[in-house]
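In case you want the letters, here they are:
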Amino acid sequence: MKFVIFGIVLLFGCSLSIIARYKEEYRKPLIVIYATIAVGYLWWRATHTIPTDGAWNITVGIAFFILEAITIAQTIGFGILFWRPAPRRRGPAVEDSTAPSVDVYIATYNEPADILEATVVAATQLDYPSDRLTVFVCDDGDRPEIARLAAKWNVGYLRRDDHVGAKAGNLNNAMKHTDGDFIVTMDADMVLKPQFLRHTIGHFTDSSVAFVQVPQAFHNEDVFQNNLFGENTMRNDQDFFMRFIEPQRDLHNAAIYIGSGAIFRRTALEEIGGFVTDVITEDMATGLVLQNAGWKAVYVNEVLATGLAAETYGDLLKQRIRWGRGNIQVAKKYGASKLRNLTLAQKWLLYDSVHFWFFGVYRLAFLLLPIFVLATGVELLRGELITFLLLWSTQFLFSRFVYDAITRGRFKTVWTSVYEFAQAPQITVAIMQEIFFPNSIGFQVTDKGRETGRARFAWEKAWPQVVLFVLSVATIIYCGIHIYQAGWVFLLPIAIPLAWLTYNTICLMGALASAVDQPRYRHRLSNYQTPGQVTVNGATWNVQIEALHTQKVCFSMPANLLETTGQSTHATITYGDVDPISVAFEYGEVIDGTAYIFALYENLSKANYARIVSLLNRLNTLRFQHRPSPHRVAVWDVTVGLFIRAFTSPDRIMGRGRREVIELAA
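None of these values were measured; they are calculated from a predicted model. (Residues numbered from 1 in each chain as written. Predicted model: local features only at pLDDT ≥ 70, side-chain atom pairs only at ≥ 80, totals over all residues. Heavy atoms only, no water.)

Caption draft 1: Highlighting the overall build of the chain. When helices and strands are counted, the chain shows 21 helices and 19 strands. Across the 666 residues in the chain, those meeting the buried criterion constitute 55%. Summarising the internal contacts of the chain: among those between residues at least 6 apart in sequence, 78% fall at separations of at least 24. When the accessible area of the chain is evaluated, it comes to approximately 29,300 Å², of which 59% is carbon and sulfur surface. (Helix = DSSP H or I, 4+ residues; strand = E, 2+ residues; numbered from the N terminus. Buried < 20%, exposed > 50% of the residue type's maximum accessible area, 1.4 Å probe, protein only. Contact = heavy atoms within 4.5 Å. Areas by Shrake-Rupley, 256 points an atom, 1.4 Å probe, with all protein chains shown as cover.)

Structure (structure tokens):
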């Protein structure tokens, strides 16, 4: 009878979840049902399953219960946050004749000039009255080449003698030398879409709005997409926060300023003394101080700017550690006790943001607890195994139903385990250090535009995951030996922690694969299919343009034509509306009789560069509009399957192609 009831309940929950994907009004009953089941499960766990004899048994049993309670509380909070759907924000249009003046601040410290140049040019291409728009490069690195770049594109150049306050101090310095009514803050690698101001400035017709934020999106693969070979089938790991969480926070005037892709009312910033400088997550703190002062934030859930995600496992950890420590700093310096004017919902969401960064602590506990239980024989819980499995499975699966309904099946929770296992030990150490042993760590810029020619495992960063993986495998082998010796009767009392450990081990394999930095190419090309012409030694060939970059082009032609080039390494290429461009051949790849030639631009004119930036921006917009279904990569493929392929077909895993490569450049 238990199994019949279990099946009926799950069938009902699954059906309701599918309906709630498409009809948002069905979210509420699903969330209520889950909360009821979860609270009832916790009551049963507390009264019937926690061991009552033996100090270690009681301690471990309570610890396991607390971890479960925290996880369930987070899921219920998640459901409450999504209780009502966020409407899509559309601000009123602003006439050119009444358009306010806007200053665009592009903050830079040590980013490569070629990355910064595309950002500068895109900012000058904004669809906005030119007499009301001024672009400034805010260089905190005092670099002459950046001053020359600003002069080349006829934009403002600002520097300062001191570098106090890092990025926030840089922005405050810019405020002293500019006078626009509104201020756009951009990182050096974030490329604005032409319609950015048209889709944001209208919200300021509400005089209480201090800033408008758009999502951070990325035109390169993040660490997980690149290292797990899911660039076309996995979402960026920040997408869930940017496209789902932030719009829901916006319902409570609690959208977070995320440092780039935002536009501010100057008078609002002046009222609070400018950008906050005393924490390393100055963006989050600045938004909170504005909201505490009674100002509103608006979140426009539309990709209106794209940048570069962290490109190596080490850079990812450096970035996330800074974010985690910064959140702890914000909680300590700008907690709810100081931000007294925040509403109850805003205070809850503030602490929810801070609490998120304790995921490393919880994940590390989830990793170590089954190892400890299986290695020592400590009793995890008491009671009938079948009853526990049925009740636990019911609340767990309903939590997945809620998650799936809210995200409309676009995210898979098992991926969260892979993402968080890849960061948990390092984040835990950083958070504990910031809480108990804080020290002065400066603002650290995440490196962008890296180029790596071969795969490399980040041993110096990922060794904690290696240790955890070895411990997990050793514990599973230990249990397997005992099951073989004692028979299957030995499996029953350890079934739950063993299954838990097996799941952890599989996800750890994905985390380890994430730490194998696959090759990166600085001149990352965007696919673009269009006819073109190449002229070499007076001969002109019709070719197919395959991909573009601001520094490079890839085109294809029949491989037998390569013989006619002789020793030439230079040519002229035309495509689209660009003027003829001189190029230097770099290398070629021959695949099934077709040669794919990669060539670097030479002496690219300003007009051609601007046209290419505009074209790439349009291509990038289309990429986000027609993005393939996410997370089609099975977890098995990037865990166990990835390791199998590493031994059987290492070419792809180790970043080596099977194509014939021809060196064309002299």
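Still to come is the rest of the account.
Caption draft 2: Region of interest: the side chain of Asp250. When you line up the elements, Asp250 lands in helix 8 (residues 239-250). On the basis of relative accessible area, Asp250 is assigned to the buried category, the value being 8%. Setting aside residues no more than four positions away along its own chain, Asp250 makes contact with Arg89, Ala255, Ala297, Val298 and Tyr299.

Caption draft 3: Local environment of unusual backbone geometry. Even without glycine at this site, Asn154 takes up a positive phi of about 60 degrees. In the Ramachandran plot, Asn253 falls in the positive-phi region, its phi being about 50 degrees despite a non-glycine side chain. By the element assignment, Asn253 lies in the loop between helix 8 and strand 8 (262-265). The buried category is assigned to Asn253, whose relative accessible area is 18%.

Caption draft 4: The arrangement of the pattern of salt bridges in detail. Counted by the stated rule, this structure contains 23 salt bridges. Its salt-bridge partner being Arg198, residue Asp96 comes within 2.8 Å of it at the nearest N-O pair. Residue Asp96 is found in the loop between helix 3 (55-81) and strand 1 (102-108), and its partner Arg198 is found in the loop between strand 5 (191-192) and strand 6 (209-213); the two are separated by 102 residues along the sequence. Assessed through its relative accessible area of 41%, Asp96 is described here as partly exposed. Judged by relative accessible area, Arg198 falls into the partly exposed class, the value being 26%. Its salt-bridge partner being Glu586, residue Lys552 comes within 2.9 Å of it at the nearest N-O pair. Remark: Glu586 occurs in strand 17 (residues 581-591) and Lys552 occurs in strand 15 (residues 552-558); sequence separation between them is 34 residues. (Salt bridge = Lys/Arg side-chain N within 4 Å of Asp/Glu carboxyl O.)

Caption draft 5: Geometry of the sheet that holds strand 6. Strand order in the open sheet formed by seven strands is 3-2-1-4-8-6-9, with mixed pairing between adjacent strands. The sheet is open, and its two edges are formed by strand 3 (156-158) and strand 9 (296-299), each paired on a single side. Strand after strand, the sheet turns through a mean of 20 degrees between neighbouring axes, direction not considered. By the bridge criterion, six bridges tie strand 1 to strand 4 (residues 182-187) in an arrangement that is parallel. Counted as the bridge partner of Asp103 is Ile183 from strand 4. Where helix 10 (residues 282-292) meets the sheet, it contacts strand 6, strand 8 and strand 9, and its direction lies at approximately 145 degrees from that of strand 6. (Pairing = 2+ DSSP bridges. Axes fitted to C-alpha atoms, helices over the stretch in contact; angles between N-to-C directions.)

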